Amino acid sequence: MTSLPLISVDPDARGRKPAMPPRHLADLDLPGRRALVTELGEPAFRAKQVSNHYFGRLVRDPERMTDLPAATRERLAGTLLPTLLTPVRELACDDGATRKALWRLHDGSLVESVLMGYPDRVTVCISSQAGCGMACPFCATGQAGLTRNLSTAEIVDQAVYLAGVAASGAVAGSPPRLSHVVFMGMGEPLANYARVVAAIRRLVAPAPEGLGLSQRHITVSTVGLVPAIRRLASEDLSVTLALSLHAPDDELRDELVPVNQRWKVSEVLEAAWDYAATTGRRVSIEYAMIKDVNDQPWRADLLGRLLAGKLAHVNLIPLNPTPGSRWDASPKPVEREFVRRLRDAGVSTTVRDTRGREIDGACGQLAAAEDTDSDSRAATA
Ligand code: SF4
């Protein structure tokens, strides 16, 4: 049997104190912000004013907050809007319709976000952890392990920052307003449960409390942390659940998604169907197509039997191989046959577009490249 890496779910649980960032307005709800502003000796309504700049106007530069007294602008903005994300690289491809950002956090950790423009919408893919403890062997992020959970504000700030980029008209051929957020960047969102749920509440609360996105336009992915899926179903949120299945049988899934050793395919799917029943939301089944690993016709048929008649949609993802990896994408004819068999079983299926390939588009690839570059710079220094 393949020997598999250990899964670490939460760095706090190992007793190592992660270096969390300074508190930010987006960590707090509006009453919490009012309390903080009052502690600073300012009138409580300043919290709403600063929130309106940040969430409503996507402004973070105190100089542009001209409705605040000049004498207190810097202090208020410095306390409520400390810098959380420092851009390291911003890259564009797909004729400007995809923009990838690599950020350095206050403790030096690197995380990524991707902004994707379409004719009818703008989507941002955000990270929920620095690194990831889930150890999926085909994933660049999984190879490096988990550094720490992101704070609520570090998660939200990725979306707000890139909403500002979209609003500046930088995404070619798309509307200027950010409309969709997917938690499919670095990390396992449900392993950072409380902060991710708080971030969702900020994203969907109307301005000035939050960014005012529709709950239905938020997608949370998971490798299948069953208790957390059940807890999410009870949150009274109608966000879409994306289950990264990648294999329909336990033997292969134990290897591809090591958390399957804890919660098997049948348990994970049962939790997903309960989520769909509670929220009325169709579950997205994510399936990376990996050449000669999980793309056989019999696996398509087995997947079809598991999903037939369920409130589910399959999203096949052509694998974006990481440099030096032994994993490769399935050939197109194999992919087409897989799709055909699923559709014949009555399962709605699409193949995801491969945005960002030219810019290390798979999760963790840009951060991995930056680390490698830094290493080579250090080695040649
Ligand atoms: S695929 Fe997702 S859950 Fe698995 S290691 Fe990569 S980031 Fe983590």
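Everything numeric here is computed off the predicted structure, so don't read it as measured data.

Calculation notes
Residues numbered from 1 in each chain as written. Predicted model: local features only at pLDDT ≥ 70, side-chain atom pairs only at ≥ 80, totals over all residues. Heavy atoms only, no water. Near = heavy atom within 4 Å. Nonpolar A, V, L, I, M, F, W, Y, C, P; charged D, E, K, R; others polar. Salt bridge = Lys/Arg side-chain N within 4 Å of Asp/Glu carboxyl O. Buried < 20%, exposed > 50% of the residue type's maximum accessible area, 1.4 Å probe, protein only. Helix = DSSP H or I, 4+ residues; strand = E, 2+ residues; numbered from the N terminus. Arc of directions from axis to C-beta. Contact = heavy atoms within 4.5 Å. Phe/Tyr/Trp six-rings, centres within 6.5 Å; stacked < 30°, edge-to-face > 60°. Lys NZ or Arg CZ within 6 Å of the ring centre and 35° of its normal. Pairing = 2+ DSSP bridges. Axes fitted to C-alpha atoms, helices over the stretch in contact; angles between N-to-C directions. Parallel < 35°, antiparallel > 145°, perpendicular 65-115°, else oblique. Left-handed = near helix turned anticlockwise from the far one by under 90°. Polar contact = N/O pair within 3.5 Å; in protein donor to acceptor, adjacent residues only side chain to side chain.

## Structural notes on the site of the ligand
Next, step 1: Not every one of the 9 residues close to the ligand is listed here, only the nearest: C132, C136, C139, G142 and V223.
Next, step 2: Looking at the shell around the ligand residue by residue, the class counts come to 7 nonpolar, 2 polar and no charged.

## Notes on the pattern of salt bridges
Next, step 1: Counting across every chain of the model gives 18 salt bridges.
Next, step 2: Two residues, R148 and E154, come together in a salt bridge whose shortest N-O distance is 2.9 Å. Just as R148 is buried, E154 falls in that class too.
Next, step 3: Residue E255 is joined to R326 by a salt bridge in which the shortest nitrogen-to-oxygen separation is 3.9 Å. You can see E255 sitting in helix α8 (residues 250-256) and its partner R326 sitting in the loop between β11 (312-318) and α11 (332-344), a full 71 residues away along the chain.
Next, step 4: When its relative accessible area of 21% is taken as the criterion, E255 is described as partly exposed.
Next, step 5: Taken together, the salt bridges that share partners define one network made up of D301, E337, R340, R341 and D344.

## Some remarks on helix α7 (residues 226-233)
Next, step 1: Within the span of α7, buried status applies to V226, A228, I229, L232 and A233. Axial view of α7: buried residues confined to an arc of 165°, hence all on one face.
Next, step 2: Against α6 (193-204), β8 (218-222), β9 (240-244) and α9 (265-279) lie the buried residues of α7.

## Side note on the packing of aromatic side chains
Next, step 1: What the rule picks out here adds up to 3 aromatic pairs.
Next, step 2: Geometrically, the ring pair formed by Y54 and F55 is edge-to-face, given 4.8 Å between the ring centres and 75° between the ring planes. Like Y54, the residue F55 is buried in the burial classification.
Next, step 3: Both rings, one in W103 and one in Y161, keep their centres 4.7 Å apart while their planes meet at 75°; by these two values the pair is edge-to-face. Remark: Y161 occurs in helix α5 (residues 152-167) and W103 occurs in strand β2 (residues 98-104); sequence separation between them is 58 residues.
Next, step 4: With relative accessibility at 23%, the residue Y161 sits in the partly exposed group.
Next, step 5: The ring of Y118 is capped by R121, whose NZ or CZ atom sits 4.2 Å from the centre of that ring.

## Some points on the sheet that holds strand β7 (residues 180-183)
Next, step 1: Spatial ordering of the open sheet is given by β1-β2-β3-β4-β7-β8-β9-β10-β11-β12, a layout of 10 strands whose pairing is mixed. Either end of the sheet is taken by a strand with one partner, and the two such strands are β1 (86-93) and β12 (348-351). Taking the axes of each pair of neighbouring strands and ignoring which way they run, one obtains an average angle of 20° across the sheet.
Next, step 2: In the packing of α5 onto the sheet, the strands contacted are β1, β2, β3 (110-117), β4 (122-125) and β7, and the crossing angle to β3 comes to about 40°.

## Some remarks on the environment of G133
Next, step 1: Following the sequence through the fold, G133 ends up in the loop between β5 (129-131) and α4 (140-144).
Next, step 2: G133 gets classed as buried once you look at its relative accessible area, which sits at 6%.

## Observations regarding the packing of α5 against α6
Next, step 1: Direction vectors running N to C along α5 and α6 enclose 40°, while the axes themselves pass 8 Å from each other. Looking at the two axes, α5 sits oblique to α6. Note that α5 runs across α6; the crossing there is right-handed. Facing T152, I155, V156 and A159 of α5, the residues of α6 in contact are R195, V196, A198, A199, R202 and L203.
Next, step 2: Residues of the contact of α5 with α6, tallied by class, amount to 7 nonpolar, 1 polar and 2 charged.

## Considerations on the environment of H313
Next, step 1: Its place among the elements puts H313 in strand β11.
Next, step 2: Of the residues examined, H313 reaches a relative accessible area of 13% and is grouped as buried.
Next, step 3: Counting along the chain gives 31 residues from H313 to R282, while the straight-line C-alpha distance between them is 6.9 Å.
Next, step 4: Among all residues touching H313, those that are not within four sequence positions of it are R282, V283, S284, I285, S348, T349 and T350.
Next, step 5: Within polar-contact distance, the side chain of H313 engages the side chain of S348 at 2.5 Å.

## Observations regarding the side chain of N315
Next, step 1: Structurally, the position occupied by N315 is in strand β11.
Next, step 2: Within the structure, the side chain of N315 is placed 3.2 Å from the side chain of E286, a separation counted as a polar contact.
Next, step 3: With residues up to four places along the chain from it excluded, the contact list for N315 reads S284, I285, E286, Y287, T350, V351 and R352.

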